[in-house]
Amino acid sequence: MSLLPEPLGQGQAQTSPRRAGFRVGPFRAENEYYPTPAPATRALLAHLTLEGAIWEPACGEGWIAKELARAGYDVVATDIADYGYGTPCVDFLDQHLPRAKHIVTNPPYGDGLADAFIRKGLSFTERTGGTMAYLLNLASLCHPDRHGSFVRRPPSLVILLDECHCFPNGKPQQATRWSRTHKYCWAVWDATPATTTELRWASTAEFTDVAIAKRNAQLKKGNLR
Ligand SMILES: C[S@@+](CC[C@H](N)C(=O)[O-])C[C@H]1O[C@@H](n2cnc3c(N)ncnc32)[C@H](O)[C@@H]1O
């Protein structure tokens, strides 16, 4: 499946907007809801500064959106389902107009949804001149069906996260073997197609509440610069 805009084939997720409450398989979370722990977004923000508002088009309970807002960004948050945060009942794949210059999200993955989200997102950021940053399963970057697309339209930056667990519905007790073993990265596409991809490493342990509190205490004492 190509990541680039293309004539749509039968059965592709982009052609069939879903309703909230969908499941792509018996062992997958409803709505593909695997929320993003805050340290992952903080790690992204340590490497990426954007100018202008950001659209989180699959916001869930707002785990990413709240971190973006805390960092000072204007955030437009929407989701196909209603998690009590942002604007519900907005199918990203069914949208025709961008709602902000940039897009940052952890998209739904199953059944080609992440690919459709990448295609849709790129079509928007190419219009707004914005940046798109998606939290992706690292293994999805190395796949024969996507190889050509990534070569033709590579992300300008990939940030590898050393540890990140996106549990079904945010609940570790619902974890499957896969949710414990997946490795994640942020893939960042600029509006202007990149010719090369920069690779960076980030440790989420540096961005936990405890680590940040410790750092702030040290800063207060004047032990850190
Ligand atoms: C992997 S979860 C991530 C949630 C949130 N971005 C976060 O990181 O915490 C995927 C989210 O995509 C939403 N979603 C699934 N299909 C969608 C669609 N077509 N349009 C908008 N949101 C969708 C789900 O409801 C769910 O909240």
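Residues numbered from 1 in each chain as written. Predicted model: local features only at pLDDT ≥ 70, side-chain atom pairs only at ≥ 80, totals over all residues.

A. Local environment of unusual backbone geometry. Of note in this structure, Asn31 is not a glycine but carries a positive phi near 65°. Note on Asn31: 21 C-beta atoms within 10 Å, which makes it buried. Its identity is not glycine, yet Asp111 carries a phi of approximately 60°, on the positive side. Within the secondary structure layout, Asp111 lies in the loop between β3 (102-105) and α3 (113-128). (Buried ≥ 20, exposed ≤ 12 C-beta atoms within 10 Å, placed from the backbone. Helix = DSSP H or I, 4+ residues; strand = E, 2+ residues; numbered from the N terminus.)

B. Here's a closer look at the site of the ligand. Near the ligand you find 22 residues, and of these Pro35, Thr36, Ala58, Gly60 and Asn106 are the closest. Within the shell around the ligand, the residues separate by chemical class into 13 nonpolar, five polar and four charged. (Near = placed C-beta within 6 Å. Nonpolar A, V, L, I, M, F, W, Y, C, P; charged D, E, K, R; others polar.)

C. Structural detail: the nonpolar core. Core analysis: the largest hydrophobic core is formed by 46 residues, its most contacted members being Tyr134, Ile159, Leu161 and Trp186. Beyond its immediate stretch of four places on either side in the chain, Trp186 contacts Leu44, Ala133, Leu135 and Ile159. (Core = buried A, V, L, I, M, F, W, Y, C linked by C-beta atoms within 7 Å. Contact = placed C-beta atoms within 7 Å.)

D. Representation of the environment of Ala77 within the structure. Structurally, the position occupied by Ala77 is in strand β2 (residues 75-77). We classify Ala77 as buried; it has 27 C-beta atoms within 10 Å. Distance from Ala77 to Trp201, taken between C-alpha atoms, is 28 Å for residues 124 residues apart in sequence.

E. Layout of the sheet that holds strand β7 (residues 198-202). Strand order in this open sheet of seven strands is β2-β1-β3-β4-β6-β5-β7, and the pairing throughout is mixed. The open sheet terminates on both sides in strands that have one partner only, identified here as β2 and β7. Between one strand axis and the next, the sheet turns through 25° on average, direction left out of account. Bridge count for strand β1 (residues 54-56) against β3 is two bridges, and the pairing is parallel. (Pairing = 2+ DSSP bridges. Axes fitted to C-alpha atoms, helices over the stretch in contact; angles between N-to-C directions.)

F. Highlighting helix α2 (residues 63-70). When α2 is considered as a whole, its buried residues turn out to be Trp63, Ile64, Ala65, Glu67 and Leu68. Buried residues along α2 sit in contact with α1 (38-47), β1, β2 and β3. Positive backbone phi, approximately 105°, marks Gly72, located one or two places after α2.

G. Summary view of the confidence of the model for the protein chain. When pLDDT is averaged across the protein chain, the result is 92; 92% of the residues are at 70 or more. Counting interchain partners and residues more than four positions distant, the pLDDT-below-50 stretch residues 5-15 has 15 contacts. (pLDDT = per-residue confidence, 0-100.)

H. Looking closely at the pairing of strand β5 (residues 157-161). Of the two faces of β5, only the one carrying Leu157, Ile159 and Leu161 is buried; Val158 and Leu160 on the other face are not. Two elements, β5 and β7, share five bridges in a ladder whose sense is parallel. Counted as the bridge partner of Val158 is Leu199 from β7.

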